[in-house]
Amino acid sequence: MKYISHYITFVGFILFMYSFAIDTYTDKSAYDDAYHAIDRIELGREESFEAFYALREKYLTNRFQYQNYGVTLLSLGIFLMFLTRKGWKNISSPNTNWKIFLLGFSAALLTTVGYIGDLFLEFARGSYPHWADSLGIPLAGVPVSFMIFFGWAAVNMLGMNGKFNAGVSISNMGYHNINWWYAILAFVTTLITSLCIYDGFFWLVLPGVLWLYFYLSIMAGRKAANK
């Protein structure tokens, strides 16, 4: 248990490096020929997209999967190494209120960055056909999304009003007299982050654990102050 974060990081590094030894397509020439043979005008929008994705599924190797799981485990392992640097039984919340504020806003920012990063990475990987809509359309909603996440973090920071202690133990918090609002948020966030880890969707793994740490820090701080 002591070195589990190191093992996770090591496995992630191995998977990520191994991915570069794998070709992207089983037969690049055949894929390119079939891709350029898709007639977007003759097939129409829907059928041309279906043909593209079927073709991609046929020729694509598991290179990107190895990369995704590699970065997923790397980001998770490095964060756990930082969080458990004093041991798993000594995980505590940030030692000042402003650091908890920064934690919440960082989670909001990285959630937005993850959405943007995924769009550009999939574009670079060739996940969209050349006749697809511009990335400008999905990117247009980014400012609104960021304000929503930023506002969500700000609203939950209201839990720091009144009696609240920073720098308290999370590992030994227990389940009695906890704030159930933050407990539910922590539970839902754990489920979502676990699904992202399972799926190798690394863009939301680090934001997910930051949100979780944020909620648990507020929950632990409220409980410690009200003992």
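See the structure above.
Calculation notes
Residues numbered from 1 in each chain as written. Predicted model: local features only at pLDDT ≥ 70, side-chain atom pairs only at ≥ 80, totals over all residues. Heavy atoms only, no water. Helix = DSSP H or I, 4+ residues; strand = E, 2+ residues; numbered from the N terminus. Rg over C-alpha atoms; globule rule 2.2 N^0.38 Å. Buried < 20%, exposed > 50% of the residue type's maximum accessible area, 1.4 Å probe, protein only. Core = buried A, V, L, I, M, F, W, Y, C linked by side-chain atoms within 4.5 Å. Contact = heavy atoms within 4.5 Å. Axes fitted to C-alpha atoms, helices over the stretch in contact; angles between N-to-C directions. Parallel < 35°, antiparallel > 145°, perpendicular 65-115°, else oblique. Nonpolar A, V, L, I, M, F, W, Y, C, P; charged D, E, K, R; others polar. Salt bridge = Lys/Arg side-chain N within 4 Å of Asp/Glu carboxyl O. Left-handed = near helix turned anticlockwise from the far one by under 90°. Polar contact = N/O pair within 3.5 Å; in protein donor to acceptor, adjacent residues only side chain to side chain. Expected span 1.5 Å × (residues − 1). Arc of directions from axis to C-beta.

## As for the overall build of the protein
A tally of regular secondary structure across the protein gives 10 helices and 0 strands. Along its sequence from the N terminus, the protein presents helices and strands in the succession α-α-α-α-α-α-α-α-α-α. For the protein, whose C-alpha radius of gyration is 22 Å, the value lies well above the compact-globule estimate of 17 Å for 227 residues. Taken along the three principal axes of its C-alpha coordinates, the protein extends 70 × 40 × 25 Å. A burial count over the protein gives 38% of its 227 residues as buried.

## Digging into the environment of L109
For L109, the position within the fold is in helix α6 (residues 97-124). Here the alpha-carbon distance between L109 and R125, two residues 16 residues apart in the chain, equals 24 Å.

## Concerning the nonpolar core
Residues W211, F214, Y215 and I218 are the most contacted members of the largest nonpolar core, which totals 33 residues. With 10 residues, the single largest contributor to this core is helix α10 (residues 205-225). Apart from residues no more than four positions distant in its own chain, F214 is found in contact with I100, L103, G104, A153, N156 and M157. Counting residues in each nonpolar core, the second largest holds 9 residues, with I38, F52, L55 and Y59 among its members.

## Brief notes about the packing of helix α2 (residues 28-36) against helix α4 (residues 45-59)
Running from N to C, α2 and α4 point in directions that differ by 175 degrees, and their axes come no closer than 10 Å. One finds that α2 runs roughly antiparallel with respect to α4. Contact residues: A30, Y31, A34 and Y35 in α2; F52, L55, R56 and Y59 in α4. Looking at the contact of α2 with α4 residue by residue, the class counts come to 7 nonpolar, no polar and 1 charged.

## Observations regarding the pattern of salt bridges
Side chains bearing opposite charge may pair, as long as their charged atoms lie close to each other. Counted according to the given criterion, the structure contains 2 salt bridges. Between R125 and E122 there is a salt bridge, with the nearest N and O atoms lying 3.4 Å from each other. The two residues R125 and E122 agree in class, both being buried.

## What about the packing of α6 against α10?
Where α6 contacts α10, the axes come no closer than 9 Å and their chain directions differ by 155 degrees. By the criterion of interaxial angle, the relationship of α6 to α10 is roughly antiparallel. Both α6 and α10 take part in a crossing whose hand is left-handed. Taking contact as the criterion, the partners of I100, L103, G104, S106, A107, A108, L110 and T111 in α6 are, on α10, L206, P207, L210, W211, Y213, F214, S217 and I218. Here the contact of α6 with α10 is built from residues that sort into 12 nonpolar, 4 polar and no charged.

## Let's talk about the side chain of S127
Residue placement: S127 occurs in the loop between α6 and α7 (136-139). Separated by 3.2 Å, the side chains of S127 and R56 make a polar contact. At a separation of 2.6 Å, a polar atom in the side chain of S127 contacts the side chain of E122. Sequence-distant contacts of S127, that is, excluding residues within four places in its chain, are made with F52, Y53, R56 and E122.

## Side note on the environment of Y198
Along the chain, Y198 falls in helix α9 (residues 180-199). Relative accessible area serves as the criterion here: at 67%, Y198 is assigned to the exposed category. Remark: the alpha-carbon pair of Y198 and T72, spanning 126 residues in sequence, is separated by 9.2 Å.

## Re α4
For an α-helix the count is 3.6 residues per turn, leaving residues at separations of three or four pointing the same way. Along its 15 residues, α4 runs 22 Å from first to last C-alpha, staying within 8% of the 21 Å computed at 1.5 Å per residue. Among all positions in α4, only S48, F49, F52, L55, R56 and Y59 are buried. Take α4 and look down its axis: the buried residues cluster within an arc of 130 degrees, on one side only. Of the exposed residues in α4, those oriented more than 90 degrees away from the buried face are E46, E57 and K58. Against the buried residues of α4 lie α2, α3 (40-43) and α5 (63-83).

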